[in-house]
Amino acid sequence: MNFINWSKKNLFANWKDSLLTITILYLFYVSIPPLLNWVFLDATFFGDSKKDCTGGGACWVFINVWIKRFTYGMYPNDQIWRINLAFVIFFISIGSYFFVSSKIKKYIFIFLTLVFPFLAIFLFHGGSLGLEEVETRVWGGLFLTLFISVFSIIFCFPIGVLLAMGRRSNLPVIKYFSIGFIELWRGVPLITVLFMAAVMFPVFLPSGTNLDKLIRVIIAITLFESAYIAEVVRGGLQAIPRGQYDAANSIGMGYWKSHLLIILPQALKIVIPGVANTFIALFKDTPLILVVGLMELLGMVNMAKTNPAWLGLATEGYVFAAFVYFIFCFSMSRYSLSLENKLKTTN
Amino acid sequence: MKLLKKNIEKLNLFMENYPKIGIYFPQFLIILLLGIVISYFSMNASTNMAARGIETGFGFLANKASFDIQFSLIDFDSNDSYARAYLVGLLNTLLVSGIGIFFATVIGFFVGVTRLSSNILASKVAEIYIEIFRNIPLLLQIFFWYFAILRLLPSSDNSLILFNFVFANIKGIYVPRFVWENLNHFVYGFLFSILAIYFFVSFLKKKQEKTGVQVPTFTTSLIIFFTINLIVIYFGNVGLSLSYPILETNRGLYNYMGGVSVIPELIALAFSLSLYTSTFIAECVRAGILGIDQGQKEAAASIGLSKGQILKLIVIPQALRIIIPPVTNQYLNLTKNSSLAAAIAYPDIVLVFAGTALMQTGKAIEIVSITMLTYLTLSVSISLLMNWYNKKNSIAER
């Protein structure tokens, strides 16, 4: 009875609603069963070559066989433990961050921001202390996606904050420099910035220096995203009432002191959701690096599908990659939304 | 430590005595740093270029391009110059952006309104649509439509045929072409009818404001439109027929001739750009409609406006004020995102100019700068337009 009332109100309120509901249900009826058949019922999950796929549905064997490449790229198999170790350390320190007392929290934060990046780079790249060197050109897969997005955001955050402060500065040179810098990167597509990193950077460096391609890409993405971060942070700075600046000045604080102790802590708290959204955008932009020849998850799928033994499995590969990206982006956007709601109530 | 503290105190005292230093010194420092960085890079660049024997300058634009472009809106062959190749690329970029903007707007408005529907099922479907297409990278969507759908279409000799006039195969989609007779008469008549409607409607509006007499503007406009156009079509001998694509063989190769062909790259790109951007537009539309105070609608209803009038006179004008700025931003994003075309070899400005032309000439600095400057010009001009629009339409606050 309850259900009938509910559906009368929400699904069949008038003839237009009823028509809409019935049309949608019919479309579900037409499209969902074949989709389920393809994904689950007729699909083949286990095996070691394309010949094992006889069900007529999706050939998940492709993913099953290639999953290691999709995750780690061409990283040598016997060295993969290094990547795993770094990520385990990362997740343990993030996880424990939520459970320990605030005194230890401080140390974990310092570890994560100052020590961990170098530790991770050392683990991934090696080259000393008995670790074999692994060149960046074999890095790839989801590992590279995460590496590039995390490191770019670490670098572009401080630059973005400085640019945002510069844009609001009273000093004309600094102000117009910041505006020009921000608008330049916001006005061009990332792909042209990557092209610039690939073909223009080498021209500007002293001849003989060979900057690693991965570093060039991270520089390019950092320049590009710092402009977006700057705009987000500027929104936060503008939201701080004038009185806060005046109060800080009146007790004798200078520009840097008032910003570091009074303005930025408040402004950055407001912009956390915006920064999270920028991070999601950055994460979604990482596949673009395949135009300069770096193979993250999508690049690896693209490469695997052209392997002669696995031709014709593009759909499976892309569906898998889409699923992975979706999981990451969707959970991050939900997290940022919940943060936004939380901040709204506490303010 | 003590010495340092003392020195800082001294410095602070000095700065207090000469407050101008605090203003000029940082700016001077920035200019100095910029100057050093720029001159360092340009010195490196000139030595590198000299070592490789590359000349700088934009003279190459007039040289023969000697490559072909598989899809262009204007005539282009390998004898044309690089400048013309640039123009072809730019036009292709604008074409795919235009198509994308049109469909993204239509889908976005539809989904955004559906998202607010009182029908829970419809609103949930809209929400799922938004979440799926927004959280998957655009490049992946382009690859999916291109490699997993359009590249799997049959070859030309057994194309998919829809409704007997749309032919889809691996080379693209073929639709009939309009063949006009006396098209110019029709165009003039059409423009004239639009002008006539514009003047007539503004006349009616003035009259209504003066006297309060209402004339149904929509019906009268329709009548004007059809009378003028039908007269022109009848007396101006305007004719329209369709030229169907026909399967022809040439040395064992099948191909469709006649009709309009749309290359699969363009379809994949336009499709994914529209779907991806429509999710963002849908959210803007939703925010715009939700942003209108409920009291506005109640007030309008209480002075006796009908539901349609409330929508037309109260809700839409106010919602548009909220919706248009973020949607313009999305249009800009779509245009910039159309540069992903290079990944599936749609000949847009990035592929033609920053790809092929750069590879042939090796003029990295010039070509990358021109390409970036083109996008920058587009962005800046649209933002200026937007600022002007915002200023014009913002609520005058007392």
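Reading the values: the criteria
- Residues numbered from 1 in each chain as written.
- Chains lettered and ligands numbered in written order.
- Predicted model: local features only at pLDDT ≥ 70, side-chain atom pairs only at ≥ 80, totals over all residues.
- Helix = DSSP H or I, 4+ residues; strand = E, 2+ residues; numbered from the N terminus.
- Buried ≥ 20, exposed ≤ 12 C-beta atoms within 10 Å, placed from the backbone.
- Contact = placed C-beta atoms within 7 Å.
- Rg over C-alpha atoms; globule rule 2.2 N^0.38 Å.
- Pairing = 2+ DSSP bridges.
- Nonpolar A, V, L, I, M, F, W, Y, C, P; charged D, E, K, R; others polar.
- Axes fitted to C-alpha atoms, helices over the stretch in contact; angles between N-to-C directions.
- Parallel < 35°, antiparallel > 145°, perpendicular 65-115°, else oblique.
- Expected span 1.5 Å × (residues − 1).
- Bend = angle between axes of the 7 residues up to and from the residue.
- Left-handed = near helix turned anticlockwise from the far one by under 90°.
- Domains from an automatic or database assignment.
- Core = buried A, V, L, I, M, F, W, Y, C linked by C-beta atoms within 7 Å.
- pLDDT = per-residue confidence, 0-100.

Caption draft 1: Representation of the overall build of chain A within the structure. Secondary structure summary: chain A contains 13 helices and zero strands in total. Starting at the N terminus and ending at the C terminus, chain A contains elements arranged as α-α-α-α-α-α-α-α-α-α-α-α-α. Principal-axis analysis of the C-alpha atoms places the extent of chain A at approximately 75 × 65 × 45 Å. With 347 residues in all, chain A has 33% of them scored as buried. A sequence separation of at least 24 residues applies to 66% of the contacts in chain A between residues at least 6 apart.

Caption draft 2: A look at the overall build of chain B. Regarding its fold elements, chain B presents 12 helices and eight strands. Expected size for 398 residues packed as a compact globule is a radius of gyration near 21 Å; at 29 Å, chain B overshoots this value by more than 25%. C-alpha atoms of chain B, sized along the principal axes, occupy 90 × 75 × 45 Å. Sequence separation of 24 or more characterises 64% of the internal contacts of chain B that already satisfy a separation of 6 or more.

Caption draft 3: Spotlight on unusual backbone geometry. Residues and elements named next belong to chain B. A positive phi angle, near 65 degrees, is found at A345, a position not held by glycine. As for its placement among the helices and strands, A345 is situated in the loop between α10 (307-337) and α11 (349-361). A tally of 14 C-beta atoms within 10 Å means that A345 is categorised as partly exposed.

Caption draft 4: Seen up close, the pairing of strand β4 (residues 177-181) of chain B. All names here are of chain B. Of all five residues making up β4, only zero are buried, and the element is barely covered by its neighbours. Looking at chain direction, β4 and strand β5 (residues 239-243) are connected through five bridges and run antiparallel. Across the sheet, residue R177 finds its bridge partner in β5, namely S243.

Caption draft 5: Here's a closer look at the environment of R167 of chain A. Tracing the chain through its elements places R167 of chain A in helix α6 (residues 141-167). Considering only alpha carbons, one finds R167 of chain A and G180 of chain A, 13 residues apart in sequence, at a separation of 9.4 Å.

Caption draft 6: Geometry of the interface of chain A and chain B. Counting residues at the interface gives 43 residues for chain A and 46 residues for chain B. When residues of the side of chain A that touches chain B are traced back to their parent elements, those giving at least two are α2 (15-41), α7 (172-187), α8 (190-204), α12 (297-305) and α13 (314-346) of chain A. No other element matches α13 of chain A, which puts 10 residues into the side of chain A that touches chain B. Its residues assigned to classes, the side of chain A that touches chain B shows 32 nonpolar, eight polar and three charged.

Caption draft 7: Region of interest: the pairing of strand β2 (residues 166-169) of chain B. All names here are of chain B. Of the two faces of β2, only the one carrying F167 and N169 is buried; V166 and A168 on the other face are not. Bridge count for strand β1 (residues 160-162) against β2 is three bridges, and the pairing is antiparallel. From the neighbouring strand, L162 faces β2, where its bridge partner is V166. Hairpin connection of β2 to strand β3 (residues 172-175): two residues between the antiparallel strands.

Caption draft 8: Spotlight on the packing of helix α3 (residues 82-115) of chain B against α11 of chain B. Residues and elements named next belong to chain B. The N-to-C vectors of α3 and α11 enclose an angle of 150 degrees; their axes lie 7 Å apart at closest approach. It follows that α3 is roughly antiparallel to α11 by the angle criterion. Across the interface between the two elements, Y82, A85, Y86, V88, G89, L90 and T93 of α3 pack against I349, V352, F353 and A357 of α11. Partitioned by chemical class, the residues of the contact of α3 with α11 number nine nonpolar, two polar and no charged.

Caption draft 9: A look at helix α8 (residues 264-290) of chain B. Over its 27 residues, α8 of chain B runs 39 Å from end to end, which matches the ideal 39 Å to within 8%, given 1.5 Å per residue. The largest bend along α8 of chain B reaches roughly 30 degrees and is located at S278 of chain B.

Caption draft 10: How the structure looks around the packing of α6 of chain A against helix α9 (residues 213-239) of chain A. Residues and elements named next belong to chain A. The interhelical angle for the contact between α6 and α9, taken along N-to-C directions, is 45 degrees, at an axis separation of 6 Å. Taken together, the axes of α6 and α9 lie oblique to each other. In the packing of α6 onto α9, the handedness of the crossing is right-handed. On the side of α6, the interface is formed by I148, F151, S152, F155, C156, F157, I159, G160, V161, L163, A164 and R167, while α9 contributes V217, I218, I221, T222, E225, S226, I229, A230, V233, R234 and L237. For the contact of α6 with α9, the class distribution of residues is 16 nonpolar, four polar and three charged.

Caption draft 11: Local environment of the domain arrangement of chain A. Residues and elements named next belong to chain A. In terms of domain boundaries, chain A breaks down into domain 1 (1-41), domain 2 (42-75 + 134-346) and domain 3 (76-133). Between the C-alpha centres of domain 2 and domain 3 there is a distance of 20 Å. Contacts between the two partners involve six residues from domain 2 and, on the opposite side, 10 residues from domain 3.

Caption draft 12: Local environment of the nonpolar core. The biggest cluster of nonpolar side chains holds 140 residues, and the ones touching the most others in it are L194 and V217 of chain A together with L140, I142 and L269 of chain B. Look past the residues within four positions of L194 of chain A in its chain and what remains in contact with it is V217, A220, L288, I289, V291 and V292 of chain A.

Caption draft 13: Structural context of the sheet that holds β1 of chain B. Residue and element names in this part refer to chain B. Pairing within the open sheet is antiparallel, and its four strands lie in the order β1-β2-β3-β8. The open sheet has two edge strands, β1 and β8 (260-262), and neither has a second partner. Across this sheet, the average inter-strand angle for adjacent strands is 20 degrees, counted without regard to direction.

Caption draft 14: Geometry of the environment of I322 of chain B. All names here are of chain B. Looking at the element boundaries, I322 is found in helix α10. Residue I322 is classed as partly exposed on the basis of its 17 C-beta neighbours within 10 Å. For the pair formed by I322 and V350, sequence separation is 28 residues and the distance between their alpha carbons is 33 Å. Ignoring sequence-local partners within four residues, the contact set of I322 consists of A287, G288 and G291.

Caption draft 15: Highlighting the environment of F102 of chain B. Residue and element names in this part refer to chain B. Locating F102 in the fold gives a position in helix α3. On the basis of neighbour count, F102 is assigned to the exposed category, with 12 C-beta atoms found within 10 Å. Separated by 19 residues in sequence, F102 and A83 place their C-alpha atoms 29 Å apart.

Caption draft 16: Just helix α5 (residues 102-125) of chain A, in detail. Residues and elements named next belong to chain A. Here α5 contains 24 residues, and its C-alpha end-to-end distance of 33 Å stays within 8% of the 34 Å for a straight helix at 1.5 Å per residue. Remark: the principal bend of α5, roughly 50 degrees, maps to V115, with a proline, P117, within the next four residues. Phi turns positive one or two residues past the end of α5, at G126, with a value near 65 degrees.

Caption draft 17: Quick peek at the confidence of the model for chain B. All names here are of chain B. When pLDDT is averaged along chain B, the result is 82; 94% of the residues meet or exceed 70. Summarising per-element confidence for chain B, the mean pLDDT is lowest in strand β7 (residues 253-257) (68) and highest in α8 (91). Scoring of the predicted complex yields 0.85 for pTM and 0.88 for ipTM.

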